[in-house]
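# Coordinate analysis (summary)
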Amino acid sequence: MKRLLLCLPVLLLLSGCGSWSFSLPFLGGGDEPEPAGTPPEKTEPAPSYVVSPQAEAYLAEALQYWTDSGECTDPEKAAALLDRAVAADPLDPAPYLLRSLALSDLGYMNEAFDDATKAIRLSPTAEAYATRGLICLKQHHPEGARRDFDYAMKVNPDEPLIYVYRAAGAFLEGRNSDACTDLERACSLGRCHSWNTAKAEKLCR
């Protein structure tokens, strides 16, 4: 179990954003906020939204603080830039979603949850629901996490982040077989880093 806890931060590194920057068990807490509503069974791609060039510039600068493996090297600076992106274009969901990950790295779990919820309200994508599920896990709310993962599945069951994040919850609950199944599924959908790491660390076969 100790080795599993040490490996989980590595397993949860994304290919583009967010990481677990603290050791388990998770930090955070408080009452679980209400969900942002039930998503549709399946959604068509949203109409293209023209993002403010200024917001795009802040977003691009913030992304430079994430490594290719997904480690956020300076979540405080990233969050500050994402604050500016939100101010420049409050209708763009991307800065809220990224800021939720940066804030969770800093331990501001309630604020991270709120940002993920704002992103969902602006664009209820599977990635947004999966990200809020991750925040729920960090807040010690496994039921909320399962609910959001289920929502994400209804929107788009082919989003690999669902399975990467859901695997984290399964590992924490001791359901290693379920976790490995999810990581393998994520790999089949194009995100293999966590699956390969789990195999290398002999958490999965």
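Residues numbered from 1 in each chain as written. Predicted model: local features only at pLDDT ≥ 70, side-chain atom pairs only at ≥ 80, totals over all residues. Heavy atoms only, no water.

Turning to the overall build of the protein chain, a few remarks are in order. The helix and strand tally for the protein chain stands at 10 helices and zero strands. Written out in order from the N terminus, the α and β elements of the protein chain read α-α-α-α-α-α-α-α-α-α. Each of the 205 residues in the protein chain was classed as buried or not, and the buried ones make up 49%. Across the protein chain, contacts joining residues at least 24 apart in sequence account for 62% of those joining residues at least 6 apart. (Helix = DSSP H or I, 4+ residues; strand = E, 2+ residues; numbered from the N terminus. Buried < 20%, exposed > 50% of the residue type's maximum accessible area, 1.4 Å probe, protein only. Contact = heavy atoms within 4.5 Å.)

Looking now at the packing of helix H4 (residues 93–105) against helix H6 (residues 126–138). Where H4 meets H6, the axes come as close as 10 Å, and the angle between the chain directions of the two elements is 15 degrees. Judged by the angle between their axes, H4 and H6 are roughly parallel. Where H4 crosses over H6, the two elements pack in a sense that is left-handed. Together, Leu97, Ser100, Leu101, Ser104 and Asp105 of H4 and Glu127, Ala128, Thr131, Leu134, Ile135 and Lys138 of H6 make up the contact between the two elements. (Axes fitted to C-alpha atoms, helices over the stretch in contact; angles between N-to-C directions. Parallel < 35°, antiparallel > 145°, perpendicular 65-115°, else oblique. Left-handed = near helix turned anticlockwise from the far one by under 90°.)

Oppositely charged side chains can pair when the atoms bearing their charge come close. If you walk through the whole model with that rule in mind, you get 12 salt bridges. Notably, a salt bridge pairs Asp182 with Arg166, separated by 2.8 Å at the nearest N-O pair. Taken together, the residues span a long stretch of sequence, with Asp182 in helix H9 (residues 176–188) and Arg166 in helix H8 (residues 160–172) at a distance of 16 residues. Taken together, the shared-partner salt bridges in this structure form one network comprising Glu143, Arg146, Glu173, Arg175 and Asp178. (Salt bridge = Lys/Arg side-chain N within 4 Å of Asp/Glu carboxyl O.)

Right, let's talk about helix H2 (residues 53–63) for a bit. Listing the buried residues of H2 in full gives Ala55, Tyr58, Leu59 and Ala62. Down the axis of H2, the sector holding all buried residues measures 100 degrees, keeping them to one side. Buried residues in H2 make contact with helix H3 (75–88) and H4. (Arc of directions from axis to C-beta.)

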